[in-house]
Amino acid sequence: MAELPDRARIVIVGGGVAGASVAFHLARRGERDVVLLERAELTSGSTFHSAGLVGQLRADPALTHMNVYSVELYRELEKGDHAPGWVESGSLRLASSAERLTELRRQHGWAQCAGLPLELISAREARELFPIMAMDGVLGAAWAPTDGQVDPARLCSALAAAARDAGVRIVQRTRLTGIDTLAGRHGRRVTGVRTDRGPVECEAVVNCGGMYSAEIANLADVRVPVMPMSHQYVVTAPLPPGALPDRPVPSLRDPDLLVYYRQEIDGLVMGGYERTSAPAWATAAPPADFNGRLLAADWNRFVEIAANAQLRVPLLSEVGVASMINGPEGFTPDNGFCLGETEVAGLFVAAGFCAHGIAGAGGIGDVMANWVLDGDPGLDLWHMDIRRFGRHYRSPDYTLARTRETYETYYDIRYPGAERRAGRPLRTSPAYAWHAAHGAVFGEKAGWERVNHYAGPGDEALRPRGWAGRLWSTCVEPEHRAVRESAGLFDESSFATIEISGPDASAFCAHAFAGNVDRPPGAVVYTQALNDRGGIEMDVTVTRTAPDAFVVVTGTAFGPHDLGWLRRQARLADAAVRIVDTTGGLACFGLWGPAARELLAPLTPAPLDNDAFPYPSMREITVGDVPVRALRVTYVGELGWELYCTTEYGARLWQTLAETGARPGGYWAIESLRLEKGYRAWGSDIGPQTTPTEAGLAFAVRRSGGFVGAQMALREPARRLRCLVLDDARAVALGGEPVRVGDEVVGQVTSGGYGYTVAKSIAYAYLPVNAGGPFSVGVDGAWVGAEVARSPLYDPRGTRIRA
Ligand SMILES: Cc1cc2nc3c(=O)[nH]c(=O)nc-3n(C[C@H](O)[C@H](O)[C@H](O)COP(=O)(O)OP(=O)(O)OC[C@H]3O[C@@H](n4cnc5c(N)ncnc54)[C@H](O)[C@@H]3O)c2cc1C
């Protein structure tokens, strides 16, 4: 047994493909003071029973980038001493319905943006590549020639061997039993681990525990919402001689039938996502001796998949099953990976790969090595960041309900903006009952119930074509118009709010934020916080409430991320500040529109004129009988206020405001309003990989420097976020669509929608500064002409917000 050192800079827990890849990439970056602990043998978790398919294309460009890198790595390893069995067989994805065909066309657009080879082909061409498939009902297919398959166990061994050769110590049959942390001014940090063979002092721990990762994180009282779920496939007996061609056969996915297939020597591996999911263990924690083992086959749940599989490959009805694999795998509540640093400094996680850990392993190891060594993964990993999960995911039941839902709908078509059902309602505003009683149609974000729109009549003629017209409502236009013409009322109680206070609060905020936040109490500043690459980590308003106190308002889903980022900066700067999440204690209602002042004035003794209450600023006022912190700011481009009160007053404040006659509206109207006004959305238009200059936000950055990311913030960009107006107003982009000049794809839509006041289909995209057009946007696979417009389309001089 390998010797266990008593100290190492970095300890990796878990000897599956993820742990091996993190070790490999740390070593590749020159970090050798690394120990990998494995409680049994390498490859004895989910990795050994994986089906080994490697597909690259995903909705999230960052994940596609990571998977493309994985393939490059597996190709490279295949040429070396430790070949992982990489076979570049390609992959096929079938469309057996018109909607699925549109989905393939949209995915083709993503592939074009990523530069990934992918071709849309006919059913006949698909059958030439996969000759045992029946063409019944197949309308087309996507062919990705550089996808492939790899032997998961050999891949894990290859990465581990290369890491070991580079100096990483791999210690098997050694179980992590504890994680030691030390509490400091800004939370806890890792100091070491305990094992069944003794302690190891360390600076960082990377939890690569796969389906065991929740249990590992529990040792430090950290919640990683990964659920071990049963996941099954069969290996068939050999097919009749000559059934398969004498060349590697591509893998085949038929999502409408819930199945996938890949070649396994002279037979097939066939699996899928059952409509009824099953957690592997009722307690959520795998047994202490569950290594190198499988679960009992569960044929009852597999019946539908087995029957469907024979529809697409009829030969399977004549071929027996050699074995059934029921292996547990770590799934997450939203089908995205769990990567990054947890709330304990130095405790990282790379787990929850939802049956894509083999495809992802190369990229996962790469970004995690960057994250641990640089404090930054080098990519925009928001959709995979562990900080996207709020505290409500500490509940195992909620986590399981959400996880089951994503598992069971895995192969369903995901229309952008579709709402989930599981675990709702959970977080509600004090005005929730009012909304429900007034016909609100709710959406869910970060556990919050938010009004998408209220039910009511509207103009059907405006419905966009294609996918954008599916999740669309006639009710949005009147809500939008009310804001532009009189006043609208919105419940924004889900906004995340963070209070920063203490003797160093002013200096710390000046260090953390790029804008000029060092202003007198009552000042409100729209600003960003940047990473060292100048990328936007936070997009917020910062209000000074006292000489030593600031309130940060950020988006509904971004609270834990922003809190984590701020606390990390405070720790690095050793700042004497308190950083507290105040989200749950506050309700927030937005009253906006040209009539907003007129409607609010009778409710408050406070003066609301421009001298007493200019844009942007904050005043403590009363509204009706409620003490309110009023911020004169807007995300819709009109005169108005965000009105905050503590939650016990929330129902009364909403009632008071609703009685003014302002028209209640929802988030879909806000989206349309902000698109016209050119306000950016973090997570789509801007993020850790876009700088303020690229995003057109240089105005919010102070020239004097002295803040994190200052050196890179204002560098001359090669691309800029542009506002495109589509020639056809009923062709509406939803995000992810390719933008091209001639035949060359030059950008990808970050967000899009319809602006009811400007009567235009609007899309934002980063375009090369020298791209001259003419542009076109690939909406549902059809190219629609577009022009770059002078942004913002609505009220470019900002006179309305200062009215
Ligand atoms: C049936 C099935 C089919 C799949 N098919 C595919 C596919 O086609 N393509 C694809 O990309 N992915 C697929 N996957 C998913 C893929 O196999 C996993 O995502 C991947 O193997 C996970 O690797 P890991 O390193 O995160 O976890 P694991 O391989 O589970 O490794 C975790 C390790 O941590 C160790 N450990 C746990 N607790 C401790 C402790 N306290 N101390 C020390 N060590 C500890 C465990 O012993 C284990 O070895 C499939 C999975 C299943 C189940």
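What counts as what
- Residues numbered from 1 in each chain as written.
- Predicted model: local features only at pLDDT ≥ 70, side-chain atom pairs only at ≥ 80, totals over all residues.
- Heavy atoms only, no water.
- Pairing = 2+ DSSP bridges.
- Helix = DSSP H or I, 4+ residues; strand = E, 2+ residues; numbered from the N terminus.
- Disulfide = S-S within 2.5 Å.
- Buried < 20%, exposed > 50% of the residue type's maximum accessible area, 1.4 Å probe, protein only.
- Right-handed = clockwise from strand over helix to strand, strands pointing away.
- Near = heavy atom within 4 Å.
- Polar contact = N/O pair within 3.5 Å; in protein donor to acceptor, adjacent residues only side chain to side chain.
- Areas by Shrake-Rupley, 256 points an atom, 1.4 Å probe, with all protein chains shown as cover.
- Nonpolar A, V, L, I, M, F, W, Y, C, P; charged D, E, K, R; others polar.
- Core = buried A, V, L, I, M, F, W, Y, C linked by side-chain atoms within 4.5 Å.
- Contact = heavy atoms within 4.5 Å.
- Salt bridge = Lys/Arg side-chain N within 4 Å of Asp/Glu carboxyl O.

A. A look at the pairing of strand β33 (residues 719-726). Here β33 runs beside strand β36 (residues 760-768); their pairing, made up of 7 bridges, is antiparallel. What sits directly across from Arg722, in β36, is Ala765. Two elements, β33 and strand β38 (residues 782-789), share 4 bridges in a ladder whose sense is antiparallel. The partner of Val725 across the bridge, within β38, is Glu787.

B. Region of interest: the state of the cysteines. One pass over the structure, following the stated rule, counts 0 disulfides. Unpaired in this structure, Cys338 has its nearest cysteine sulfur neighbour in Cys354, at a distance of 7.7 Å. By relative accessible area, Cys338 is classed as buried at 0%.

C. Representation of the pairing of strand β1 (residues 10-13) within the structure. Side-chain alternation along β1 places Ile10 and Ile12 on one buried face and Val11 and Val13 on a second face that is also buried. Across 4 bridges, β1 lies against strand β2 (residues 34-37) in parallel orientation. Note on β2: the bridge partner recorded for Ile10 is Val34. What joins β1 to β2 is helix α1 (residues 17-28), and the crossover it makes is right-handed. As paired strands, β1 and strand β12 (residues 204-207) are joined by 4 bridges and run parallel to one another. Among the inter-strand pairings, Val11 is bridged to a residue of β12, identified as Val205.

D. Quick peek at the site of the ligand. For the ligand, the set of nearby residues contains 38 residues, the closest of which are Glu38, Thr47, Asn291, Glu329 and Ala359. One of the backbone N or O atoms of Arg39 is found 3.0 Å from a nitrogen atom in the ligand. Between the ligand and Leu53, the relevant distance is 2.9 Å, taken from a nitrogen atom to a main-chain nitrogen or oxygen of the residue. For the ligand, the protein covers 98% of the area, taking 1000 Å² as the surface of the free molecule. Here the shell around the ligand is built from residues that sort into 16 nonpolar, 18 polar and 4 charged.

E. The sheet that holds strand β22 (residues 488-491), seen in detail. With respect to topology, 6 strands assemble into an open sheet ordered β29-β30-β31-β28-β22-β32, the strand pairing being mixed. Strand pairing shows two members of the sheet lacking a second neighbour, β29 (618-623) and β32 (663-664), which therefore form its edges. Of the pairings in the sheet, the one linking β22 to strand β28 (residues 586-592) comprises 4 bridges and is antiparallel in character. By the bridge assignment, Asp491 is partnered in β28 with Phe589.

F. Quick look at the nonpolar core. By size, the foremost hydrophobic cluster in this structure holds 51 residues, and its most contacted members are Ile12, Met66, Val206, Leu339, Met368 and Leu381. Contributing elements (two or more residues each) for this core: β1, α1, β2, α2 (61-78), α5 (152-165), β12, β19 (347-351) and α8 (357-374). With 9 residues, α8 is the largest single contributor of residues to this core. Ranked by size, the runner-up nonpolar core spans 46 residues in total, among them Leu94, Tyr260, Cys354 and Tyr411.

G. Structural view of the environment of Ser46. Its place among the elements puts Ser46 in the loop between β2 and β3 (53-54). Exposure remark for Ser46: the relative accessible area of 17% places this residue in the buried category. As a C-alpha pair, Ser46 and Glu694 span 648 residues in sequence and 42 Å in three-dimensional space. Discounting chain neighbours no more than four positions away, the residues touching Ser46 are Met211, Pro328 and Glu329.

H. Looking closely at the pattern of salt bridges. Counted under the stated rule, the structure contains 45 salt bridges. Linking Arg388 and Asp334 is a salt bridge whose minimum nitrogen-to-oxygen distance equals 2.7 Å. With a gap of 54 residues between them, Arg388 in the loop between α8 and α9 (396-408) and Asp334 in the loop between β17 (321-331) and β18 (338-341) connect regions that are remote in the sequence. For Arg388, a relative accessible area of 12% puts it in the buried group. Of the charged contacts, one joins Arg420 and Glu405 as a salt bridge, the two residues approaching to 2.8 Å between their closest N and O atoms. Placement of Arg420 in the loop between α9 and α10 (432-437) and of Glu405 in helix α9 is noted, with a sequence separation of 15 residues between them. Each member of the pair Arg420 and Glu405 is classed as buried. Bridged by salt links that share partners, the residues Arg7, Arg9, Glu31, Asp33, Arg169, Glu201 and Glu203 form one connected network.

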